Amino acid sequence: MIGYCIWQRKSIRPILVTSIIANLITQSFLWIALNLFFQHYLITLFIAEVFIWMIEAVLLSYFPANRLRFAEAILLSLCMNLASFALGWFLPI
């Protein structure tokens, strides 16, 4: 996210704050979904990640201080979520 902000000359602080707030909301949603549908863990995980990607993109584009068009917000949200998903997938737990 910081790399994207530097590359696109966007303000880091508002995007970081929006990302933190969005993650607090969407991670709660993810854990609830995984607990409710634990029998179908992988399917639930992938469906929830798609919803999370979209929710975060909407939130990133909604706040004017972020100065992100919706297409930029979708790309940024996708990159952040792919990185997070990949790191989480390969963590040795």
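Residues numbered from 1 in each chain as written. Predicted model: local features only at pLDDT ≥ 70, side-chain atom pairs only at ≥ 80, totals over all residues. Heavy atoms only, no water.

Brief notes about the overall build of the protein chain
The helix and strand tally for the protein chain stands at 4 helices and 0 strands. Sequence-ordered secondary structure for the protein chain, helices as α and strands as β, is α-α-α-α. A principal-axis box enclosing the C-alpha atoms of the protein chain has dimensions of 45 × 25 × 20 Å. Evaluated residue by residue, the protein chain yields a buried proportion of 30% over its 93 residues. (Helix = DSSP H or I, 4+ residues; strand = E, 2+ residues; numbered from the N terminus. Buried < 20%, exposed > 50% of the residue type's maximum accessible area, 1.4 Å probe, protein only.)

Observations concerning helix α3 (residues 41-62)
Taking 1.5 Å per residue as the helical rise, α3 with its 22 residues ought to reach 32 Å, and the 31 Å between its terminal C-alpha atoms agrees with that figure. Those residues of α3 that are buried are in contact with α2 (12-36) and α4 (70-89). (Expected span 1.5 Å × (residues − 1). Contact = heavy atoms within 4.5 Å.)

A few points about the pattern of salt bridges
In this structure the tally under the stated criterion is 1 salt bridge. Taking the shortest distance from any N to any O, the salt bridge between E72 and K10 comes out at 3.6 Å. Placement of the pair is E72 in helix α4 and K10 in the loop between α1 (2-8) and α2, with a sequence separation of 62 residues. Looking at E72, the relative accessible area reads 10%, which means it is buried. On the accessibility criterion, K10 (15% relative accessible area) is buried. (Salt bridge = Lys/Arg side-chain N within 4 Å of Asp/Glu carboxyl O.)

Points about the environment of L59
For L59, the position within the fold is in helix α3. Given the relative accessible area of 22%, L59 is considered partly exposed. Taking the C-alpha atoms as reference, L59 lies 14 Å from M80; in sequence the two are 21 residues apart. Beyond its immediate chain neighbours, meaning those up to four positions away, L59 contacts T18, A22 and N66.

Re the nonpolar core
Counting residues in hydrophobic clusters, the biggest one holds 9 residues: Y4, C5, I15, A57, L60, L68, A73, L76 and M80. Listed by contribution, the elements that provide at least two residues to this core are α1, α3 and α4. Tallying contributions element by element places α4 first for this core, with 3 residues. One finds L30, L34, L45 and I52 within the second-largest nonpolar core, a separate group that totals 5 residues. (Core = buried A, V, L, I, M, F, W, Y, C linked by side-chain atoms within 4.5 Å.)

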